[in-house]
Amino acid sequence: MQGQGARGRLGGMSTSQSRPQVQPQAEGWKQALDAEGRPKLQFAQSRRVSQPPKHLADLSLDERVEWVKELGHQGFRAKQLSVHYFSHYTSDPAEMTDLPADSREEMVAELLPPLLTEVRRLRTDDGATIKFLWRLFDGALVESVLMRYRNRITLCISSQCGCGMNCPFCATGQNGLTRNMSTAEIVDQIVRANRVIAAGELDAPSAEEIAEEKDHAGLGEEADEAASPPAAASASGPQRVSNIVFMGMGEPLANYKRVMNAIRRMVDPAPEGLGMSARGITVSTVGLVPAIRKLAAEDLPLTFALSLHAPDDELRDELIPVNSRWKADEAIDAAYEYFVKTGRRVSIEYALIKDMNDHPWRADLLAEKLNARGRGWVHVNPIPLNPTPGSIWTSSEPEVMAEFLRRLEAKGVPTTLRDTRGKEIDGACGQLAAAED
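Note that the structure is a prediction, hence the values are computed from the model and not measured.

This brings us to the nonpolar core. Grouped together as the largest cluster of nonpolar side chains are 107 residues, with contacts concentrated most on Leu-146, Ile-244, Phe-246, Ile-263 and Met-266. For this core, the element with the highest residue contribution is helix H5 (residues 183-198), accounting for 8 residues. Excluding anything up to four places from it in sequence, Ile-263 contacts Phe-246, Ile-281, Val-283, Leu-300 and Leu-302. Of all hydrophobic cores here, the second largest spans 7 residues; its members include Met-147, Tyr-149, Cys-156 and Met-247.

Here you go:
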């Protein structure tokens with residue numbers, strides 16, 4: 001990690017505190033290091049990695065029409081296939097009776113090749129949360145988590161196979177980056193989830209969970225609390241995915257082009273895309289500053305979330321290795337610039353880890369840094385740490401969390417404790433490791 005010097009400084013900062021300073025370190029796995037002994041960062045996949053087959057969802061509607069013609073079919077078939085995939089959530093040729101019977105199978109095989117094979121599905125006891133394990137064409141495994149709340153359905157999706165950010169407390173990063181997911185692989189997670197919802201396989205949350213929502217922010221809730229109900233909503237709530245959070249496996253902004261193409265498919269009106277609201281889509285990053293600025297220029301009303309986890313560089317250098325490239329203040333500056341450019345309130349994600357980053361002085365420092373850039377531009381979402389198997393790292397004690405939130409709120413920083421739904425099936429934030437066993 002940072003060596004004894006950094007450990008000494010951190011230890012020194014805690015001498016006036018009533019609790020110790022626990023140091024971040026990888027547990028149960030060997031953290032990849034570079035030649036200088038720092039945690040190794042991977043921003044790009046190997047050029048030798050094979051790519052998934054071309055799929056209708058990789059393309060705009062006009063591009064699909066041209067591809068269909070190149071394959072010897074009539075151009076209008078592209079729109080028909082798009083309706084089946086984006087509106088009916090199917091890739092089954094048997095359900096596409098408006099296509100010619102003699103070429104239907106071939107057309108679907110060419111334009112809608114299988115992308116995700118379901119390996120396993122885990123449900124919480126109340127049935128309101130489902131975690132999917134998917135196998136991709138090359139055998140790589142990824143996960144996504146579907147959650148029904150009181151008035152929305154949120155899907156936490158993956159954007160990479162593995163992750164190259166090498167954060168020691170996150171299960172996803174333990175094996176490094178395998179490859180970027182394609183646009184269509186990202187989108188297909190939503191289409192497959194919508195198929196599950198349409199089949200009635202996602203239950204409503206329990207009365208206890210609904211009551212709990214009043215005190216906790218659910219995943220994706222920060223995307224737009226004041227937004228009107230989605231077009232697909234009914235008296236019983238939305239009947240398709242209404243909110244997307246890029247908080248599954250991978251660092252979304254390290255797969256920038258494909259993630260943005262996938263977002264375009266999400267917000268494009270049917271049948272070109274899924275017709276979702278951009279306001280219901282949250283893109284999270286550990287702090288890739290140039291990409292944050294690029295995202296702000298996209299002219300899309302997305303919600304941006306910065307996974308900060310520590311306001312001071314001494315700790316964040318070790319907790320979030322990318323901090324060695326772009327420091328905490330640089331990441332916060334970029335987040336503030338996102339707000340200025342888009343008018344969209346930014347979320348700060350902060351996993352509360354016992355005796356590591358939950359000290360009262362860190363809450364004060366965080367509030368000071370956020371307020372120094374203005375008021376009304378940010379909302380903090382602390383979340384109790386979701387431990388990974390075998391980890392000695394644990395969530396902060398309830399009274400410590402309460403004090404951390406109280407200090408932020410006392411300084412005028414809007415703060416809501418995040419819901420930890422899915423923890424019982426290892427489907428909560430930081431727990432996605434895509435293991436078959």
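Moving on, there is more to tell.
The contact between H5 and helix H7 (residues 256-267) brings their axes to 8 Å, and the two run at 40 degrees. The orientation of H5 relative to H7 falls into the category oblique. Between H5 and H7 lies a crossing whose hand is right-handed. Judged by residue contacts, Thr-183, Ile-186, Val-187 and Ile-190 of H5 engage Arg-258, Val-259, Asn-261, Ala-262, Arg-265 and Met-266 from H7. Grouping the constituent residues of the contact of H5 with H7 by class yields 6 nonpolar, 2 polar and 2 charged.

Here Ala-270 and Pro-271 are connected by a cis peptide whose omega angle stands at 5 degrees. One can find Pro-271 in the loop between H7 and strand S10 (281-285). Here the phi dihedral of Asn-166 falls at roughly 60 degrees; this positive angle occurs in a residue that is not glycine. Mapping Asn-166 onto the fold places it in the loop between strand S5 (160-162) and strand S6 (177-180). With relative accessibility at 5%, the residue Asn-166 sits in the buried group.

Okay, the layout of surface pockets next. Picture a little ball the size of a water molecule; that probe, rolled over the atoms, points out where space is still empty. Considered as a void within the structure, the second largest pocket measures approximately 230 Å³ in volume. Of the residues belonging to the lining of the second largest pocket, the class tally is 2 nonpolar, 4 polar and 4 charged.

Inspection of the secondary structure assignment puts Ala-334 in helix H10 (residues 328-342). Judged by relative accessible area, which is 1%, Ala-334 ranks as buried. If we ignore the near neighbours within four places in the chain, the residues touching Ala-334 are Val-289 and Ile-292.

A few words now on the packing of aromatic side chains. A complete count under the given rule lists 8 aromatic pairs for this structure. Pairing Phe-43 with Trp-326 gives two aromatic rings, centres 6.1 Å apart and planes at 75 degrees, and the pair type is edge-to-face. Here Trp-326 lies in the loop between helix H9 (313-319) and H10 and Phe-43 lies in the loop between helix H1 (3-13) and helix H2 (61-70), a separation of 283 residues in the sequence. Of the aromatic side chains, those joined through ring pairs into one cluster are Tyr-336, Phe-339 and Trp-377. If you follow Lys-54 out to its NZ or CZ, it ends over the ring of Trp-67, 4.4 Å from the centre. Just above the ring of Trp-326 sits the side chain of Arg-325; from NZ or CZ to the centre is 5.6 Å.

For the rest of this paragraph, the subject is the pattern of salt bridges. Under the defined criterion, the tally for this structure stands at 21 salt bridges. A salt bridge links Arg-123 to Asp-203; the nearest nitrogen and oxygen atoms lie 3.2 Å apart. Residue Arg-123 is found in strand S1 (residues 117-123), and its partner Asp-203 is found in the loop between H5 and helix H6 (207-213); the two are separated by 80 residues along the sequence. Here Asp-333 ties to Arg-373 by a salt bridge, and the two come within 2.8 Å at their closest N and O atoms. With Asp-333 in helix H10 and Arg-373 in the loop between helix H11 (360-371) and strand S13 (378-384), this pair connects stretches of sequence that are 40 residues apart. For Asp-333, a relative accessible area of 32% corresponds to the partly exposed category. Given a relative accessible area of 16%, Arg-373 falls into the buried group. Ionic contacts of the salt-bridge type, sharing partners, join the residues Asp-329, Asp-333, Lys-369 and Arg-373 into one network.

This paragraph deals with the pairing of strand S12 (residues 346-352). Of all 7 residues that make up S12, 7 are buried, and the element is covered over most of its length. Summarising the sheet, strand S11 (residues 303-307) and S12 pair through 3 bridges and their orientation is parallel. Looking across to S12, one finds that Leu-306 is bridged to Ile-348. Here S12 runs beside S13; their pairing, made up of 7 bridges, is parallel. By the bridge assignment for S13, Ser-347 is matched with His-379. Tracing the backbone out of S12, into H11 and back to the parallel element S13 gives a crossover that is right-handed.

How each quantity is defined
Residues numbered from 1 in each chain as written. Predicted model: local features only at pLDDT ≥ 70, side-chain atom pairs only at ≥ 80, totals over all residues. Heavy atoms only, no water. Core = buried A, V, L, I, M, F, W, Y, C linked by side-chain atoms within 4.5 Å. Buried < 20%, exposed > 50% of the residue type's maximum accessible area, 1.4 Å probe, protein only. Helix = DSSP H or I, 4+ residues; strand = E, 2+ residues; numbered from the N terminus. Contact = heavy atoms within 4.5 Å. Axes fitted to C-alpha atoms, helices over the stretch in contact; angles between N-to-C directions. Parallel < 35°, antiparallel > 145°, perpendicular 65-115°, else oblique. Left-handed = near helix turned anticlockwise from the far one by under 90°. Nonpolar A, V, L, I, M, F, W, Y, C, P; charged D, E, K, R; others polar. 1 Å grid on protein atoms, 1.4 Å probe; cavity = no way out; pocket = protein on both sides within 12 Å on 5 of 7 lines; lining within 4 Å. Points joined across faces, edges and corners; volume = space filled by probe spheres on them. Phe/Tyr/Trp six-rings, centres within 6.5 Å; stacked < 30°, edge-to-face > 60°. Lys NZ or Arg CZ within 6 Å of the ring centre and 35° of its normal. Salt bridge = Lys/Arg side-chain N within 4 Å of Asp/Glu carboxyl O. Pairing = 2+ DSSP bridges. Right-handed = clockwise from strand over helix to strand, strands pointing away.

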